[in-house]
There are 2 protein chains.
Amino acid sequence: MSKVQKLPTIRRLPTYLHKLNEMRKSGIEIVATPELARYMHLEAIVVRKDLASTGVTGQPGVGYKVAELIDAIRAFLSWDNTSEAVLVGAGSLGSAILGYEGFEEYGLRIIAAFDTDPAKIGRTIHDREVFPVSRLAELTRRMRIHMGIICVPAEYAQKVADELVEGGVWGIWNFANVSLKVPDNVVVQREVIAGGLAVLSVKLTALRRELNSESE
Amino acid sequence: MSKVQKLPTIRRLPTYLHKLNEMRKSGIEIVATPELARYMHLEAIVVRKDLASTGVTGQPGVGYKVAELIDAIRAFLSWDNTSEAVLVGAGSLGSAILGYEGFEEYGLRIIAAFDTDPAKIGRTIHDREVFPVSRLAELTRRMRIHMGIICVPAEYAQKVADELVEGGVWGIWNFANVSLKVPDNVVVQREVIAGGLAVLSVKLTALRRELNSESE
DNA sequence: CGGCTATGGATATTTTTTTATCAATACTGC
DNA sequence: GCAGTATTGATAAAAAAATATCCATAGCCG
């Protein structure tokens, strides 16, 4: 299993990237840590460490070149070459993902969708054609797609993952509420939407408790 | 600022909860760590630590009582009392969230939606009425809602957050691609969808590099 | 030119998280 | 009832991440 370090940093990088792209559009060429920190609501030291982990280097007393930062982050995330993906499960979440136009900025292009619903097959959703799931492995292989996005209900997710692996994908982005089993040469990233809600709940409870005890 | 520990553990708790609820439905009363570990594709030690952090205690040589575990996790996450929320921004993501029926299991009930689009206002989406955003603060306060879910484009998110705070919310679940500024007595949990993609990209690149170097 | 301030980079420290070890408990089978 | 095995819980160690400190560099202003 390959070791990847500094997960929290990696998660923050897309946000920097988004801000930096906006800055470049506005013609800003140099940016210093404190400004990014204010934008991110983080400590400056965190930002500096995050940026350093991409290998980029700034100018002491000045800051970083925006263009260099963008390149460094994109290179670090391998987002400098757009990779193509298929999406399986064109329900409400799948459709929402198909409709999100920001992924191009993040080096991802969703080429096609798959579903079992005859009402959806053959139609297009957000300009992507919907194919039957029965052709998933075949078409994925033929199109040489190496990433799959799973948006099907939990009980079908493992089967879809198996098909994707058979179709030759290297990575799976899993939005289904289940942990998947795949070969060692395939990477799965699971998004647990309820995980964020759990964190929010705990923080909320902790803060409420604190505020209540203060007022006593 | 309140300190919350073991974020990764908290993120995993909903997944245990889901599995445990299934088990209880099947009539299973006792569960041991190794089984949960297999299901989660985690090490057993991780599971044991996760469960311990909720304060529950098992029986050495036997395992944990499923019902006790469920109660402990729900209590730890304050999901034993359903809390009500409003959702702002009934676009594709907002609609997808409104359509997800699993939140009740997680102690969350979305009461109403808000949007600026006249075509949506007054209609219902997944059984929730859509109100104009202009009434957000007023209605939130009147309904005594303490949680807001933001699904609007990044540029409007701060304004919506301000309205929610004015309406008296304690917690904000933010799906917009921007970091929000709120008073100290309000908690924000931001979901950065691209963060997961970034992690996947880095892992993928690392694994590919490893596999390539092996084959040389 | 010289001092002042802002900034990045390197190093060190502290905290948090993960992982390992080991003793105690309870079930199983004989 | 006893030995063997599975399991939890407590403690300890290792790894990772966050945070702090200090120094060197660059621009600014008089």
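The coordinates are above.
Conventions used here
Residues numbered from 1 in each chain as written. Chains lettered and ligands numbered in written order. Predicted model: local features only at pLDDT ≥ 70, side-chain atom pairs only at ≥ 80, totals over all residues. Heavy atoms only, no water. Helix = DSSP H or I, 4+ residues; strand = E, 2+ residues; numbered from the N terminus. Expected span 1.5 Å × (residues − 1). Bend = angle between axes of the 7 residues up to and from the residue. Buried < 20%, exposed > 50% of the residue type's maximum accessible area, 1.4 Å probe, protein only. Polar contact = N/O pair within 3.5 Å; in protein donor to acceptor, adjacent residues only side chain to side chain. Near = heavy atom within 4 Å. Disulfide = S-S within 2.5 Å. Phe/Tyr/Trp six-rings, centres within 6.5 Å; stacked < 30°, edge-to-face > 60°. Arc of directions from axis to C-beta. Contact = heavy atoms within 4.5 Å. Least-squares fit on C-alpha atoms with pLDDT ≥ 70 in both. Nonpolar A, V, L, I, M, F, W, Y, C, P; charged D, E, K, R; others polar.

S.K.: Which parts of the structure should I look at to understand helix α1 (residues 7-25) of chain B?
M.R.: Residues three or four positions apart in an α-helix share a direction because the helix packs 3.6 residues into each turn. Residue and element names in this part refer to chain B. The end-to-end C-alpha distance of α1, which contains 19 residues, comes to 28 Å, matching closely the 27 Å that a straight helix rising 1.5 Å per residue would cover. At Leu 13, α1 is deflected by roughly 25°, the largest bend along its length, and proline Pro 14 occurs up to four residues later in sequence. Residues of α1 that are buried: Thr 9, Ile 10, Leu 13, Pro 14, Thr 15, Tyr 16, Leu 17, His 18, Lys 19, Leu 20, Asn 21 and Met 23. Remark: Gly 27 follows α1 within two positions and exhibits a positive phi of approximately 85°.

S.K.: What am I meant to see in the side chain of Asn174(B) here?
M.R.: Structurally, Asn174(B) is set in strand β8 (residues 171-174). A distance of 2.9 Å separates the side chain of Asn174(B) from the backbone nitrogen of Ala176(B), its partner in a polar contact.

S.K.: Looking at this structure, I do not really get the protein's contact with DNA strand D. What am I missing?
M.R.: Around DNA strand D, the surrounding shell holds 25 residues, and the nearest of these are Lys6(A), Thr33(B), Gly58(B), Gly61(B) and Tyr64(B). Taken together, the sugar and phosphate atoms account for 69% of what DNA strand D places within 4 Å of the protein. In this structure, Arg48(B) approaches DNA strand D through a side-chain N or O atom, which is 3.5 Å from a phosphate oxygen. Here a base oxygen of DNA strand D sits 2.8 Å away from a polar atom, N or O, in the main chain of Gly61(B). Elements with a contribution of two residues or more to the surface near DNA strand D: α1 (7-25) and α3 (44-52) of chain A together with α2 (33-40) and α3 (44-52) of chain B.

S.K.: Which parts of the structure should I look at to understand the state of the cysteines?
M.R.: Each disulfide is one covalent bond, formed between the sulfur atoms of two cysteines. For the structure shown, the criterion picks out 0 disulfides over all chains. Of all cysteine sulfurs in the structure, the one in Cys151(B) sits closest to Cys151(A), which takes part in no disulfide; the separation is 16 Å.

S.K.: Can you walk me through the packing of aromatic side chains in this structure?
M.R.: The geometry of an aromatic ring pair comes down to the distance between the two centres and the angle between the two planes. All names here are of chain A. If you walk through the whole model with that rule in mind, you get 10 aromatic pairs over all chains. Measuring from ring centre to ring centre gives 5.7 Å for Phe 103 and Trp 173, while their planes differ by 75°; the resulting arrangement is edge-to-face. Here the residue Phe 103 occupies a position in the loop between α5 (92-99) and β4 (108-115), and Trp 173 occupies one in strand β8 (residues 171-174), the gap between them amounting to 70 residues. Both residues of the pair, Phe 103 and Trp 173, belong to the buried class.

S.K.: Looking at this structure, I do not really get α3(A). What am I missing?
M.R.: Residues and elements named next belong to chain A. Buried residues of α3: Val 47, Asp 50 and Leu 51, and no others. Buried residues along α3 cover an arc of 95° about the axis, so they all sit on one side. Counted as exposed and oriented over 90 degrees from the buried face of α3: Ile 45 and Lys 49. Buried residues along α3 sit in contact with α1, α2 (33-40), β2 (64-65) and α4 (66-76).

S.K.: How do you make sense of the relation of the copies chain A and chain B when you look at a structure like this?
M.R.: A rotation about an axis combined with a shift along that same axis relates the two copies of the chain. Note on the copies: chain A fits chain B at an RMSD of 0.1 Å, the axial shift is 0.0 Å, and the rotation between them is 180°. Each copy turns onto its partner about a two-fold axis. The share of interface residues of chain A whose copies in chain B are also at the interface is 100%, consistent with both copies meeting through the same surface.

S.K.: Help me understand the protein's contact with DNA strand C, please; the structure alone is not making it clear to me.
M.R.: Every one of the 26 residues lining DNA strand C counts as a neighbour, but Thr33(A), Gly58(A), Gly61(A), Tyr64(A) and Lys6(B) are closest to it. When the atoms of DNA strand C within 4 Å of the protein are sorted by group, sugar and phosphate make up 69%. Contacts to DNA strand C include Tyr64(A), whose side-chain N or O atom sits 2.9 Å from a phosphate oxygen. Among the secondary structure elements, those contributing two or more residues to the surface near DNA strand C are α2 and α3 of chain A together with α1 and α3 of chain B. Looking at the surface near DNA strand C residue by residue, the class counts come to 11 nonpolar, 9 polar and 6 charged.

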